[in-house]
Amino acid sequence: MPTTDKNLLAALLPCTACGNTAPRLESTQPEGRLKPIYRVVCECGNAYRQWSVTPQAAVRAWNRDVEK
Ligand SMILES: [Zn+2]
């Protein structure tokens with residue numbers, strides 16, 4: 001797990017389902033992959049379903065989804 005980028009997490013928009021202002025970044029490294037993949041999830045279970053290859057992309061994807 002790379003160092004958490006505080007600015008990156010500060011850019012996260014609140015969860016649309018529950019209003020939680022601190023969704024978290026989750027990472028996993030599936031078998032056969034050289035690098036971890038990332039997505040943003042909220043404790044209420046709301047999550048952006050697609051995994052991204054960088055934390056930055058995961059945050060952008062979440063924010064785009066929230067702004068819909
Ligand atoms: Zn939520």
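In this report, the structure presented in the accompanying data block is examined. (Residues numbered from 1 in each chain as written. Predicted model: local features only at pLDDT ≥ 70, side-chain atom pairs only at ≥ 80, totals over all residues.)

## Concerning helix H2 (residues 55-67)
Logical step 1: Between its first and last C-alpha atoms H2 spans 18 Å; for 13 residues at 1.5 Å apiece the expected length is 18 Å, and the two agree.
Logical step 2: Turning to H2, its buried residues number three or more, namely Pro 55, Ala 58, Val 59 and Trp 62. What you see down the axis of H2 is that its buried residues fit within an arc of 100 degrees, all on one side. In H2, those exposed residues whose orientation departs by more than 90 degrees from the buried face are Arg 64 and Glu 67.
Logical step 3: On the buried face of H2, the contacting elements are helix H1 (6-10), strand E1 (24-28) and strand E2 (37-41). (Helix = DSSP H or I, 4+ residues; strand = E, 2+ residues; numbered from the N terminus. Expected span 1.5 Å × (residues − 1). Buried ≥ 20, exposed ≤ 12 C-beta atoms within 10 Å, placed from the backbone. Arc of directions from axis to C-beta. Contact = placed C-beta atoms within 7 Å.)

## Describing the nonpolar core
Logical step 1: Membership of the largest hydrophobic core is limited to 7 residues, which are Leu 12, Tyr 38, Val 40, Tyr 48, Ala 58, Val 59 and Trp 62.
Logical step 2: Those elements that provide at least two residues to this core are E2 and H2.
Logical step 3: Considering each element in turn, this core owes the most residues, 3 residues, to H2.
Logical step 4: Not counting residues within four places of it along the chain, the set of residues in contact with Val 40 comprises Leu 12, Pro 23, Leu 25, Ala 47, Tyr 48, Ala 58, Val 59 and Trp 62. (Core = buried A, V, L, I, M, F, W, Y, C linked by C-beta atoms within 7 Å.)

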